[in-house]
Amino acid sequence: MADETGRLAERLYPGIELYFHPQCFLTSGHFAGTDAQRAQAFLDVANDPEFDAVWFARGGYGSGRIAEQACAGLQAAARAKTYLGYSDLGFMLAGLYKQGCRAVHGPMPADLKRAGGDAAAARALRYLVERAPDALEPGISAQVPQAAFNITVLGHLLGTPLEPDLSGHVLMLEDVSEHVYRIDRAMFHITANANIRGVAGIRLGRVSDVPPNDPEFGLDEEEVVRHWCGAAGIAYLGRADIGHDVDNKIVPFGRSG
């Protein structure tokens, strides 16, 4: 993955240097190193003024184990950077945004493993290097703050010290490999949260690879989200072009201008 990402970056932006921390190549059970190793690797790069951005390599489970500790260790240099990732990295993005950092939901180097993933990684690089407008989710307005999360991850981080203030934001949500009944359960919790009830509205990205339910749940994912938005008095604003796929567009947290 590192070599492939480096070749893509060199082709698109000669002179741009990508650095993969040695921690990325460690293993500790399910994880790329122990919690302590992963948290320290993040802080090594985040607090180093020589780096302009942190592009998370993959969104695998585990960031929730270290996010609070890692965000507590941020220094001044860390607040000048852009942090790009998605999926379980939502725990980190939430904590970083709460700390005043530039958090961004978007593709990662691991997306190169997907068919057509070079387009996703190139989109992320275009945003990181030149803030390319065509890399952004097309419904974003510079006048309204935005945020984007995996539904399951957002449901788990609400009520924790990582929860950022999302009042007035357009909140985009997506998920993958979850039964519709689990989406229903998560949306009950999300829309019951007082912070979320203050959002400007919710847009639904793609909910992909949904396992079959026996018996049929009876509603699809959009009907579920519409139901809970209606029950909570939250505006449902339609679909968003984000998801666990190569078409995943960029969503900067806050105002995009």
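Residues numbered from 1 in each chain as written. Predicted model: local features only at pLDDT ≥ 70, side-chain atom pairs only at ≥ 80, totals over all residues. Heavy atoms only, no water.

Draft legend 1. Molecular detail of the packing of aromatic side chains. One pass over the full model with this rule turns up eight aromatic pairs. Aromatic side chains Phe20 and Phe25 sit 6.5 Å apart centroid to centroid with 45° between the ring planes, which places their arrangement in the tilted category. Consider the rings of Phe149 and Phe253, whose centres lie 5.3 Å apart with planes at 75°: the pair is edge-to-face. Taken together, the residues span a long stretch of sequence, with Phe149 in strand β4 (residues 146–150) and Phe253 in the segment after β8 (251–252) at a distance of 104 residues. Relative accessible area serves as the criterion here: at 1%, Phe149 is assigned to the buried category. (Phe/Tyr/Trp six-rings, centres within 6.5 Å; stacked < 30°, edge-to-face > 60°. Helix = DSSP H or I, 4+ residues; strand = E, 2+ residues; numbered from the N terminus. Buried < 20%, exposed > 50% of the residue type's maximum accessible area, 1.4 Å probe, protein only.)

Draft legend 2. The arrangement of the pairing of β4 in detail. With respect to burial, β4 is a largely interior element, five of its five residues being buried. Here β4 shows a buried face lined by Gln146, Ala148 and Asn150 and a second buried face lined by Ala147 and Phe149. Relative to strand β5 (residues 170–176), β4 is paired through five bridges, and the arrangement is parallel. The residue of β5 that forms the bridge with Gln146 is Val170. (Pairing = 2+ DSSP bridges.)

Draft legend 3. Broad picture of the sheet that holds strand β7 (residues 236–239). An order of β4-β5-β6-β7 is seen for the four strands of this open sheet, with the pairing classed as parallel. A single partner strand is all that each edge strand has here, and the edge strands are β4 and β7. For this sheet, the mean inter-axis angle between neighbouring strands, taken without regard to orientation, is 20°. The pairing of strand β6 (residues 201–208) with β7 spans two bridges and is parallel. Note that in β7 the partner of Leu204 across the bridge is Arg239. (Axes fitted to C-alpha atoms, helices over the stretch in contact; angles between N-to-C directions.)

Draft legend 4. A look at the pairing of β5. β5 sits mainly inside the fold: seven of its seven residues count as buried. Of the two faces of β5, the one carrying Val170, Met172, Glu174 and Val176 and the one carrying Leu171, Leu173 and Asp175 are both buried. The handedness of the β4 to β5 crossover, carried by helix α6 (residues 151–157), is right-handed. Where β5 lies against β6, six bridges are found, and the strand directions are parallel. Across the sheet, the residue bridging to Leu171 is Ile202, located in β6. (Right-handed = clockwise from strand over helix to strand, strands pointing away.)

Draft legend 5. Seen up close, the packing of helix α1 (residues 2–12) against helix α5 (residues 117–130). Interhelical geometry of α1 versus α5 gives an angle of 55° and a closest axis separation of 10 Å. Here α5 runs oblique to α1, going by the angle between their axes. Pair α1 / α5 crosses with right-handed handedness. Taking contact as the criterion, the partners of Leu8, Ala9 and Leu12 in α1 are, on α5, Asp118, Ala121, Ala122 and Leu125. In terms of residue class, the contact of α1 with α5 is made up of six nonpolar, no polar and one charged. (Parallel < 35°, antiparallel > 145°, perpendicular 65-115°, else oblique. Left-handed = near helix turned anticlockwise from the far one by under 90°. Contact = heavy atoms within 4.5 Å. Nonpolar A, V, L, I, M, F, W, Y, C, P; charged D, E, K, R; others polar.)

Draft legend 6. A look at the side chain of Asp184. By secondary structure assignment, the location of Asp184 is in helix α7 (residues 180–192). Buried and unpaired, Asp184 has no salt bridge, with Arg185 as the nearest side chain of opposite charge at 7.6 Å. In this structure, Asp184 is in contact with Phe217, Val224 and Trp228, ignoring residues within four places of it in sequence. (Lys, Arg positive; Asp, Glu negative; His and termini not counted. Salt bridge = Lys/Arg side-chain N within 4 Å of Asp/Glu carboxyl O.)

Draft legend 7. Looking closely at a nonpolar patch on the surface. Together, Ile16, Leu18 and Val129 give the surface a local cluster of nonpolar side chains, amounting to about 200 Å² of exposed area. Relative to the elements of secondary structure, Leu18 occurs in the loop between α1 and α2 (35–46). Overall, Leu18 belongs to the partly exposed group, its relative accessible area being 31%. (Patch = residues over 30% accessible without salt bridge, like charges linked within 9 Å, V, L, I, M, F, W, Y side chains within 5 Å. Areas by Shrake-Rupley, 256 points an atom, 1.4 Å probe, with all protein chains shown as cover.)

Draft legend 8. Summary view of the layout of surface pockets. Of the pockets and cavities examined, the largest pocket occupies roughly 1,300 Å³. What lines the largest pocket is a set of 41 residues, among which Cys24, Val54, Trp55, Phe56 and Ala57 lie closest to the centre. Breaking the lining of the largest pocket down by element, the ones donating at least two residues are α2, β1 (53–55), α3 (63–72) and α5. Here the element with the most residues in the lining of the largest pocket is α2; it accounts for four residues. In terms of residue class, the lining of the largest pocket is built from 27 nonpolar, seven polar and seven charged. (1 Å grid on protein atoms, 1.4 Å probe; cavity = no way out; pocket = protein on both sides within 12 Å on 5 of 7 lines; lining within 4 Å. Points joined across faces, edges and corners; volume = space filled by probe spheres on them.)

Draft legend 9. Inspection of unusual backbone geometry at higher detail. With an omega dihedral of 5°, the bond running from Asp214 to Pro215 counts as a cis peptide bond. Mapped onto the elements, Pro215 comes out in the loop between β6 and α8 (221–232). Backbone geometry places Ser87, a non-glycine residue, at a positive phi of 65°. Turning to its location among the elements, Ser87 is positioned in the loop between β2 (82–85) and α4 (90–98). One non-glycine residue, Ser177, adopts positive backbone phi at about 60°. Counting through the fold element by element, Ser177 comes out in the loop between β5 and α7.

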